[in-house]
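# Structural description and commentary
Residue strings, one per chain:
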Amino acid sequence: MNNWKIRAAGVFLLAATVWYIPWLLSSLNWKEPWLSVPFTVANLMVMVVTLVSLINNWQRIVAEEQLVPTGEEPTVAVIISTCGEPARMVYLTGKSVLTQNWPEKNLVVVISDDVHRNEIRQIAKFLQREHPLAKVIYNKPPRCGDSSRNGDAKAGNLNSALELVDKIAPQIEFVETRDADDKVGSPDFLRQVIGQLQADPNIAFVQTIKECEAGDGDPFANKAPLFYRGVMLSKNAANAVFPCGSGVVWRREALSDIGGFPTWNLLEDLHSGVEVLRRGWRGIYLPIVGAVAQIVPEDIPNVYKQRGTWALDTMRLFWWKNPLFTKGLSIRQRLHFLELGLFYLLSFATLVLATVPVISLFFNIYPLVTNHVAYALHFWLYAMAIELFLVTLADGLPYESLWRSRQMWLGLAPVYAKACILALWYGPNRKPAYQVTRKNHQIGWYWRETFIQSALLVALVVAVLYQMATRSLLMEADLGSIFWAGFFISGLAGIVRRSWFGFDWQKEVQVAMRRLWDWGLTPKYALATIVLAIAVAFGIGFLGSGQWWPTLATSHPPAKEPLPTVVAAVRLVQETTPTRTTVAPTATMTHRLELAIPTMTATAVVVAAAATPEQFPSLKLNPAGKVGLGAYLNNTPYDDFEATNRFERLVNHKMYYALWFQSWGDSDKEFSVQWVREAAAQGFVPVITWEPWKRNFASPTTEQPNYSFASITAGNHDEYIRSWARGAKTVGVPIILRFAHEQSTQPGTKSWYPWQGDPEGFKAAYRYILNIFRKEGTTNVKFLWSAMWLDSDWVSAYYPGDDAVNLVGTTVLNHGTVPTLWWVKWHSFDELFAGQYQTALQWGKPIILAELATAEQGGNKAVWLQSCFSDLQTKYPLVEGVLLFEVTSDREWPDINWSVVSSEESLTAFQQVIDSPYFK
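Cut-offs and rules
Residues numbered from 1 in each chain as written. Predicted model: local features only at pLDDT ≥ 70, side-chain atom pairs only at ≥ 80, totals over all residues. Heavy atoms only, no water. Helix = DSSP H or I, 4+ residues; strand = E, 2+ residues; numbered from the N terminus. Buried < 20%, exposed > 50% of the residue type's maximum accessible area, 1.4 Å probe, protein only. Areas by Shrake-Rupley, 256 points an atom, 1.4 Å probe, with all protein chains shown as cover. Salt bridge = Lys/Arg side-chain N within 4 Å of Asp/Glu carboxyl O. Pairing = 2+ DSSP bridges. Axes fitted to C-alpha atoms, helices over the stretch in contact; angles between N-to-C directions. Contact = heavy atoms within 4.5 Å. Polar contact = N/O pair within 3.5 Å; in protein donor to acceptor, adjacent residues only side chain to side chain. Core = buried A, V, L, I, M, F, W, Y, C linked by side-chain atoms within 4.5 Å. Parallel < 35°, antiparallel > 145°, perpendicular 65-115°, else oblique. Left-handed = near helix turned anticlockwise from the far one by under 90°. Nonpolar A, V, L, I, M, F, W, Y, C, P; charged D, E, K, R; others polar. Right-handed = clockwise from strand over helix to strand, strands pointing away. Expected span 1.5 Å × (residues − 1). Phe/Tyr/Trp six-rings, centres within 6.5 Å; stacked < 30°, edge-to-face > 60°. Lys NZ or Arg CZ within 6 Å of the ring centre and 35° of its normal.

## Focus: the overall build of the protein chain
When helices and strands are counted, the protein chain shows 28 helices and 16 strands. Per-residue burial for the protein chain yields a buried fraction of 57% across its 920 residues. Per element, the accessible surface of the protein chain, about 38,000 Å² overall, is 60% carbon and sulfur.

Pasting the structure below:
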């Protein structure tokens, strides 16, 4: 660890603080105590927090690796607590526990279900059948309010599971707790964590990194890299590590020592850590990924709920069981737990400091009375010291991650301040109600939730523009306050922008324009209105000067917060030059031009930072614990997905995927940025079936040497393949590519495509294409290996390899009963898919039903659909996508209507069965 970097930056920060404090206190503007006093208190709060952080981060330690030898693994109980999470999410978590590098026979997995759902019970049974050597148990904790329940919320769930473990396996020494949505992150997780516990009998628990499957760029800083890859290492050095819910393994004896999981606070993790540490136990932090959340909050209400709960939980402990007065803790431990509370209290200081530039720029009222040079020499030195210290704390992390964390901190300041107040208001004996963080995204424009931040952002922007309009930018404007206004604008713009994360602005604008058209606002009038608005805005910016906007001062105010260092030096020269002339704030032409340019520039910067939504941010390949529905319809995508839109309205359900076909030898062979962008704009993940042939449905199995697998691996199509890779990379949205589908006929035979029956040729061509995409750096394309008859004896021969396959797909078509063909008869969905599913489990990949449909003749189509989509929820949790083959007939089977809307009965059954939160 680079402790010396942190220490050097810490010494610089300490010296800068000592240099800054006397000047700050001596420069207060006592004529305006209502502003200067809060400003000073806020500054002192910042100093206290940074100095406590300096002490706490003085040393960081990485624990030495301790591995459990193979063959000496003890039995471990793993408690998976669930409270309403999607069944597939629970299954994937349980599966990850059972398939890690640990003997199944030494695992006792308890799925503890607070909602008492039958589908979770079935998941437990299913996992037990898949892993017969392990012991998988379903547990129903007593309901909240039941006298037999030890604690409400998650603590009660865990304590119930703990009691069950003691009954069925009292000899177990180690207990892991894992949230239902947190998969195992490292295959050697238990081997490394249990090794630490065995190496030192005084260790009560071992905590690891909790990662997450966040959106592109982790927009809400859910991965918390500064905390897990920095701060926790300093806590490790002071024996002040605390559990974080998942990725933690406990010594059973330590839990008994504290009477099980504590029930006083909202959450059990932080409080349990304090309790064991004050009793003399140790906690260890290992910087390995122990848990990966399948979904994290990425809509503002859910982010507020989660972060607000953490803040409220911490502040209840801070107010009513303050670590400074908790017996048994060392001084260093007290400081570490104190820092957690101070972190949230700093939100009040943040709000004060963000408000000061607004007051100063509008009213020329300042908290300090000083000159520019003194301000630069004291404050800017201190500010640089803080920045350097933060950068060293984030050692090894990109600065972008640090800035995004600070943006979220600034944006969540009102949430944290509210949590601090609520923790006081509820008192020590009245606990707020706790709700599990929602496991789905509810995309919208949450302007009400960000009203405070937006109002402050607007006030800062207007204050800056007002200052520029009434002051000469170089000679009079308060650049110091403008700088800090810009800092807070940049920070607050992050949360305001994220308030519509994933929101489909394009569609909303289209709807609005249609309404305006209906009102008679044609494009001609709309263009005239825009031109007029631009002219008015420019006129205001050009003419706005001290002549007609109220001017509050005609010279530099004595209490002005000064400028950045460079500009301060320029002004120092100006002020000491005998020939310096004071520029009066009159509306000269020079002044007008001077203010017009920065005004428009600042406006453009603010708009770009705060008002431009991310491009298609809601599109993800994994619908997070749900089954994403999609469809192929005739004329897709040539009709700009109009048929898909009509289908959505008909079934009253939003499609998640859009499937279409493109062949290598026909007019639609080129990668279409337009189609992919249009699909993404309408909220569809494109699934492109890429067929290596020139369509020949009259003789579909005829060899086509120009598009054979051999021609591909010979390099004949390299430029064409590269054009697809580059096009996909350019458009940037998630894409699923389905190359040479249904290839897996019995080797040497072809049934309906020329590329069938050649496993070695297929695998070579598949990997050849994949390598070109990788060389082009195209990371947004996921490859779907879409085979046929996954349960056949020969299908594994076609599998391209774990490193080459992102998703496994198959086609499930029930042709019904055809009297003229003896081999075509009615099959249930289970008959068609159960065997394929069992085979697919060996590859451990998410499964896509790439084409799903049923005929009507020979059975009941409505019942078939209901059974199919009901079974997906209970029997097949690895399935994450279903693409309907939504055509009324096809070339091979013209008499079959595959559509789910082939009859009123079929449509009604389909609408009812997919009207479930399980289907996205």
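## Structural notes on the pattern of salt bridges
Summed over the entire model, instances satisfying the criterion amount to 34 salt bridges. A salt bridge links Lys210 to Asp179, with the shortest nitrogen-to-oxygen separation between them at 3.6 Å. With Lys210 in strand β6 (residues 203–212) and Asp179 in strand β4 (residues 174–179), the pair connects residues that are 31 residues apart, well separated along the chain. The exposure class of Asp179 is buried, given its relative accessible area of 16%. Ionic pairing is found between Glu703 and Lys750, a salt bridge with its closest N-O pair at 3.5 Å. Taken as a pair, Glu703 in the loop between β11 (685–691) and α23 (709–713) and Lys750 in the loop between β12 (735–739) and α25 (759–775) lie far apart in primary sequence, 47 residues in all. Accessibility expressed as a relative area gives 52% for Glu703, which makes it exposed. Looking at Lys750, the relative accessible area reads 33%, which means it is partly exposed. Salt bridges sharing partners connect three or more residues here, namely Lys154, Asp179, Asp182, Lys210 and Glu268.

## A look at the pairing of strand β7 (residues 248–251)
In β7, alternate side chains face the same way, and those of Val248 and Trp250 on one face and Val249 and Arg251 on the other are all buried. In this sheet, β7 lies alongside β4 in antiparallel orientation, the contact comprising four bridges. Along β7, the bridge assignment pairs Thr177 with Val248. Strand direction decides the pairing type here: β6 and β7, joined by three bridges, are antiparallel. Looking across to β7, one finds that Val206 is bridged to Val249.

## Some points on the sheet that holds strand β2 (residues 107–113)
Taken in spatial order, the eight strands make up an open sheet running β3-β2-β1-β4-β7-β6-β8-β5, and their pairing is mixed. One side of each edge strand has no neighbouring strand; the edge strands of this open sheet are β3 (135–139) and β5 (182–184). Averaged over neighbouring strand pairs, the angle between their axes works out to 30° when direction is ignored. Inspection of the sheet shows β2 paired to β3 by five bridges, in the parallel sense. Residue Val110 lies in a different strand from β3, and its bridge partner there is Ile137. Against the sheet, helix α3 (residues 87–98) engages β1 (76–82), β2, β3, β4 and β5, with an angle of about 20° to β5. Across the face of the sheet, helix α7 (residues 225–237) comes into contact with β6 and β8 (282–293) while running at roughly 160° to β8.

## Section: the side chain of Gln743
When you line up the elements, Gln743 lands in the loop between β12 and α25. Judged by relative accessible area, Gln743 falls into the buried class, the value being 0%. Among the polar contacts listed, one links the side chain of Gln743 to the side chain of Trp785, at a separation of 3.2 Å. Ignoring anything within four residues of it in the chain, the contact list for Gln743 reads Trp755, Gln756, Gly757, Phe762, Trp785, Ser786, Ala787 and Tyr798.

## Observations regarding the sheet that holds strand β13 (residues 781–787)
Two strands in a sheet stick together by hydrogen bonds in their backbones, pointing the same way (parallel) or opposite ways (antiparallel). Read around the closed barrel, eight strands run β9-β10-β11-β12-β13-β14-β15-β16, paired in parallel fashion. Averaged over all adjacent pairs, the angle separating strand axes in this sheet is 30°, with direction ignored. Helix α24 (residues 718–731) contacts β10 (657–663), β11, β12 and β13 of the sheet and is inclined by roughly 180° relative to β11.

## Thoughts on unusual backbone geometry
Negative phi characterises most residues that are not glycine, and trans characterises most peptide bonds. Cis geometry is found at the peptide bond from Thr636 to Pro637, where omega equals 5°. On the secondary structure map, Pro637 appears in the loop between β9 (628–632) and α21 (642–651). Located in the positive-phi region is Trp789, a residue other than glycine, with phi close to 50°. Relative to the helices and strands, Trp789 resides in the loop between β13 and β14 (807–814).

## Here's the deal with the nonpolar core
Taken as a class, soluble globular proteins show a tendency for nonpolar side chains to be buried jointly. Core analysis: the biggest nonpolar cluster contains 119 residues, and Phe739, Trp785 and Phe869 have the highest contact counts within it. Here this core takes seven residues from α25, the largest share from any one element. By size, the runner-up hydrophobic cluster in this structure holds 81 residues, among which are Ala423, Tyr446, Val464 and Ile495.

## As for the packing of helix α27 (residues 861–874) against helix α28 (residues 904–914)
The interhelical angle for the contact between α27 and α28, taken along N-to-C directions, is 15°, at an axis separation of 8 Å. With respect to α28, the axis of α27 lies roughly parallel. The handedness of the crossing between α27 and α28 comes out as right-handed. Taking contact as the criterion, the partners of Lys861, Ala862, Leu865, Gln866, Phe869, Ser870 and Gln873 in α27 are, on α28, Glu905, Ser906, Ala909, Phe910, Gln912, Val913 and Ile914. Split into classes, the residues belonging to the contact of α27 with α28 amount to seven nonpolar, five polar and two charged.

## As for the pairing of β3
Here β3 lies mainly inside the structure; four of its five residues are buried. As a crossover connection, the stretch from β2 through helix α4 (residues 118–130) into β3 is right-handed.

## Section: α3
Here α3 contains twelve residues, and its C-alpha end-to-end distance of 17 Å stays within 8% of the 16 Å for a straight helix at 1.5 Å per residue. Of all the twelve residues making up α3, twelve are buried; the element is thus mostly covered by neighbouring parts of the structure. Among all positions of α3, only Ala87, Arg88, Met89, Val90, Tyr91, Leu92, Thr93, Gly94, Lys95, Ser96, Val97 and Leu98 are buried.

## A look at the environment of Asn101
Mapped onto the elements, Asn101 comes out in the loop between α3 and β2. It is 5.5 Å that separates the C-alpha atoms of Asn101 and Asp188, two residues lying 87 residues apart in sequence. With near-sequence residues (within four places) excluded, Asn101 lies in contact with Pro187, Asp188 and Arg191.

## Things to note about the environment of Gln192
Secondary-structure assignment places Gln192 in helix α6 (residues 189–199). When the C-alpha atoms of Gln192 and Val206 are compared, they prove to be 9.7 Å apart, with 14 residues separating the residues in sequence. When neighbours within four sequence positions are excluded, Gln192 is seen to be in contact with Glu65, Gln66, Leu67, Ser186, Leu286 and Ile288.

## A look at helix α12 (residues 372–393)
Compared with the 32 Å implied by 1.5 Å per residue over 22 residues, the 31 Å span of α12 between its first and last C-alpha is a close match. Two or three places before Val373, at the start of α12, stands the capping residue Asn371, its side-chain oxygen 3.1 Å from that residue's backbone nitrogen.

## Describing the packing of aromatic side chains
Each pair of aromatic rings is reported with the distance of its centres and the angle of its planes. In this structure the tally under the stated criterion is 70 aromatic pairs. Arranged with centres 5.7 Å apart and planes meeting at 40°, the rings of Tyr20 and Trp23 form a pair that is tilted. Here the residue Tyr20 and the residue Trp23 both occupy positions in helix α1 (residues 3–26), the gap between them amounting to three residues, near one helical turn. Judged on exposure class, the residue Tyr20 and its partner Trp23 are both buried. Seen from their ring centres, Trp690 and Tyr720 are 5.9 Å apart, and the 45° between their planes marks the pair as tilted. Here Tyr720 lies in helix α24 and Trp690 lies in strand β11, a separation of 30 residues in the sequence. The pair formed by Trp690 and Tyr720 is uniform in burial state, with each residue classed as buried. Over the ring of Phe189 we find Arg178; its NZ or CZ atom is 5.2 Å from the centre of that ring. Above the face of the Trp264 ring, Arg316 is positioned so that its terminal group lies 4.3 Å from the ring centre.

## Points about the packing of helix α9 (residues 269–278) against helix α10 (residues 300–320)
Where α9 meets α10, the axes come as close as 9 Å, and the angle between the chain directions of the two elements is 35°. Taking contact as the criterion, the partners of Asp269, Leu270, His271 and Val274 in α9 are, on α10, Asp313, Thr314 and Leu317. Residue composition of the contact of α9 with α10, by class: three nonpolar, two polar and two charged.

Everything listed here is a matter of geometry and, on its own, says nothing about what the molecule does.
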